[in-house]
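Residues per chain, in single letters:
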Amino acid sequence: MAVDKSEMLTSIANASSLTELEDLRVAYLGRKGSVTQSLKAIGGMPPSERGEAGKAANALRLEIEAALSAKEGELSRAEVESALSTPMDVTAPGEAPRLGHRHPVSVVLEELVDLFWQMGYQVAEGPEVETEWHNFEALLVGKDHPARDMQDTFYLEEAHLPRTHTSAVQIRYMQEHKGDLPIRIVAPGKVYRNEDEDARHSWSFYQIEGLVVDQGISLSDLKGTLEQMMRGILGENTKVRLRSNYFPYTEPSVEMDATCVICAGSGKLAGKVCHLCSGTGWLELGGAGMVHPQVLRNVGIDPEIYSGFAFGFGPERLAAIKYGVDDVREFWRPNFKFLEQF
Ligand code: PHE
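Fair warning: this is a prediction, and the values are worked out from it, not measured in the lab.

### A look at the domain arrangement of the protein
Here is step 1: The domains assigned to the protein are domain 1 (5–81) and domain 2 (104–339).
Here is step 2: The C-alpha centroid of domain 2 is placed 80 Å from the C-alpha centroid of domain 1.

### Some details on the sheet that holds strand E10 (residues 282–291)
Here is step 1: Strand order in this open sheet of 7 strands is E1-E4-E5-E11-E10-E7-E6, and the pairing throughout is mixed. In this open sheet, the two strands that pair with only one neighbour each are strand E1 (122–123) and strand E6 (240–247).
Here is step 2: Pairing of strand E4 (residues 183–192) with strand E5 (residues 204–214), which is carried by 10 bridges, proceeds in the antiparallel orientation. Residue pairing for E5: Arg 184 is matched across the bridge by Val 212.
Here is step 3: Sheet strands touched by helix H5 (residues 104–118): E1, E4, E5 and strand E11 (307–313). Its angle to E5, the strand with the most contacts, is close to 5°.

### Focus: the layout of surface pockets
Here is step 1: What the largest pocket holds in volume is close to 1300 Å³.
Here is step 2: Lining the largest pocket are 50 residues; nearest its centre among them are His 201, Leu 285, Gly 286, Gly 314 and Arg 317.
Here is step 3: Counting residues per element, the ones that place at least two in the lining of the largest pocket are helix H7 (147–150), helix H8 (167–177), E5, E6, strand E7 (250–259), E10, E11 and helix H11 (315–323).
Here is step 4: The dominant element in the lining of the largest pocket, judged by the number of residues it contributes, is E10, at 6 residues.

### Remarks on a nonpolar patch on the surface
Here is step 1: Judged by side-chain polarity, Val 261, Ile 262 and Leu 269 come together as a nonpolar surface patch covering roughly 190 Å² of accessible area.
Here is step 2: For Leu 269, the location among the structural elements is in strand E8 (residues 268–269).

### Thoughts on the packing of aromatic side chains
Between two aromatic rings, the relevant description is the distance of the centres plus the angle of the planes.
Here is step 1: Inspection of the entire model under this criterion finds 11 aromatic pairs.
Here is step 2: Aromatic side chains Phe 309 and Phe 311 sit 6.4 Å apart centroid to centroid with 25° between the ring planes, which places their arrangement in the stacked category.
Here is step 3: By way of ring pairs, the aromatic residues Phe 116, Tyr 121, Phe 309, Phe 311 and Phe 313 are connected into one cluster.
Here is step 4: Over the aromatic face of Phe 336 sits the side chain of Arg 98, whose NZ or CZ is 4.3 Å from the ring centroid.
Here is step 5: The ring of Trp 332 is capped by Lys 190, whose NZ or CZ atom sits 5.6 Å from the centre of that ring.

### Observations regarding the site of the ligand
Here is step 1: In the neighbourhood of the ligand, 15 residues make up the surrounding shell, with His 165, Ser 167, Arg 193, Gln 207 and Tyr 249 lying closest.
Here is step 2: Here His 165 contributes a side-chain N or O atom positioned 3.0 Å from a nitrogen atom of the ligand.
Here is step 3: Take Arg 193: an N or O atom from its side chain is 2.9 Å from an oxygen atom of the ligand.
Here is step 4: Protein contact buries 92% of the 330 Å² of open area that the ligand shows by itself.
Here is step 5: With respect to the detected pockets, the ligand is housed in the largest pocket.
Here is step 6: Listed by contribution, the elements that provide at least two residues to the shell around the ligand are H8, E5, E10 and E11.
Here is step 7: Of all the elements, E11 adds the most residues to the shell around the ligand, at 3 residues.
Here is step 8: In the shell around the ligand, the residues fall into 5 nonpolar, 8 polar and 2 charged.

### Looking at the pairing of E4
Here is step 1: When you tally the buried positions in E4, you get 8 out of 10 residues, the bulk of the element.
Here is step 2: Here E1 pairs with E4 via 2 bridges, running parallel. In the sheet register, Val 123 faces E4, and the bridge partner there is Val 186.

### Some details on the pattern of salt bridges
Here is step 1: What the rule picks out here adds up to 17 salt bridges.
Here is step 2: For Glu 65, the salt bridge identified is with Arg 61, shortest N-O distance 3.2 Å. With Glu 65 and Arg 61 both in helix H4 (residues 47–85) and 4 residues apart, the pair spans about one turn of that helix.
Here is step 3: Residue Glu 65 is classed as partly exposed on the basis of its relative accessible area of 34%.
Here is step 4: Exposure remark for Arg 61: the relative accessible area of 27% places this residue in the partly exposed category.
Here is step 5: Of the charged contacts in the structure, one is a salt bridge between Glu 130 and Arg 172, with a shortest N-O distance of 2.6 Å. Here Glu 130 is found in strand E2 (residues 129–131), whereas its partner Arg 172 is found in helix H8, with 42 residues between them in sequence.
Here is step 6: Residue classification places Glu 130 among the buried residues on the basis of a relative accessible area of 0%.
Here is step 7: Sharing partners across several salt bridges, the network here consists of Glu 132, Glu 137, Lys 143 and Arg 148.

What counts as what
Residues numbered from 1 in each chain as written. Predicted model: local features only at pLDDT ≥ 70, side-chain atom pairs only at ≥ 80, totals over all residues. Heavy atoms only, no water. Domains from an automatic or database assignment. Pairing = 2+ DSSP bridges. Helix = DSSP H or I, 4+ residues; strand = E, 2+ residues; numbered from the N terminus. Contact = heavy atoms within 4.5 Å. Axes fitted to C-alpha atoms, helices over the stretch in contact; angles between N-to-C directions. 1 Å grid on protein atoms, 1.4 Å probe; cavity = no way out; pocket = protein on both sides within 12 Å on 5 of 7 lines; lining within 4 Å. Points joined across faces, edges and corners; volume = space filled by probe spheres on them. Patch = residues over 30% accessible without salt bridge, like charges linked within 9 Å, V, L, I, M, F, W, Y side chains within 5 Å. Areas by Shrake-Rupley, 256 points an atom, 1.4 Å probe, with all protein chains shown as cover. Salt bridge = Lys/Arg side-chain N within 4 Å of Asp/Glu carboxyl O. Phe/Tyr/Trp six-rings, centres within 6.5 Å; stacked < 30°, edge-to-face > 60°. Lys NZ or Arg CZ within 6 Å of the ring centre and 35° of its normal. Near = heavy atom within 4 Å. Polar contact = N/O pair within 3.5 Å; in protein donor to acceptor, adjacent residues only side chain to side chain. Sits in = over half its atoms within 2 Å of the grid points. Nonpolar A, V, L, I, M, F, W, Y, C, P; charged D, E, K, R; others polar. Buried < 20%, exposed > 50% of the residue type's maximum accessible area, 1.4 Å probe, protein only.

See below:
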């Protein structure tokens, strides 16, 4: 095949863009390119001519390659220079960054912490991986206690487990501060349970624990505190009711209910049964009670002198009630459409 070197070099020198140059490279050096073809043709020549022709063809290939890469350098420098010399429009609108905001459960948690802060409480924290002793035994839930069933979880090695409730923080805090009474704390945090998931249950959720230990603390102090808190979070007209319940670590133990936020305690909504409280007029919100004297003894506080109350409830449930969400699992799905509403 006839290959005209000067024609090729002229075309390369005249190439005005990198794409054009790439097309030339393919036309000359590609698999079917003219230079490649002339190299291939050497095999079919009489042996006496092969040496000379081979040398010439190789020299041509090298020369074309060098011309292509020199031109490539020239063209890319020119592209950068022209981009740099184009004036930038600093008034062009930017791309608005997508701003996040606080998660609805964080909002409720912060409101709660704020309410307790105003009542003189400190915020305490404990580890999410607990010892069985802090999570269960010190709270009088022995290895065979049926109450362990309700709070089954994933056991780890050496008597550790992801805590099943924030009540473990009560124990840690009392141990550390028994020489520094009174105690008034709230302890928000995550807890873990072996739970079948549904619209109201999840294997991991938040709790907020409260603990007060002082001289002369009584059940009426507990009720007053819960009332103050529920009014703060659900509205001034909220009423609190305590029902008898059982927890191994409180005596007496109670379940706390607040009047339904939708039907205001009437159980009815536009003549129908209220769907939030199923017509009872009350919402179950959490557990509470007077700290069991033996729990105080376990941490080295004298129950003859001191008494206390404790409570624990779930901010997810409160957030669900406050914002009218009927599936708590929604809170932890990466679903912007849901989260952006708050
Ligand atoms: N720990 C209990 C639970 O998780 C709640 C509770 C806390 C009950 C404090 C009494 C006192 O269900």
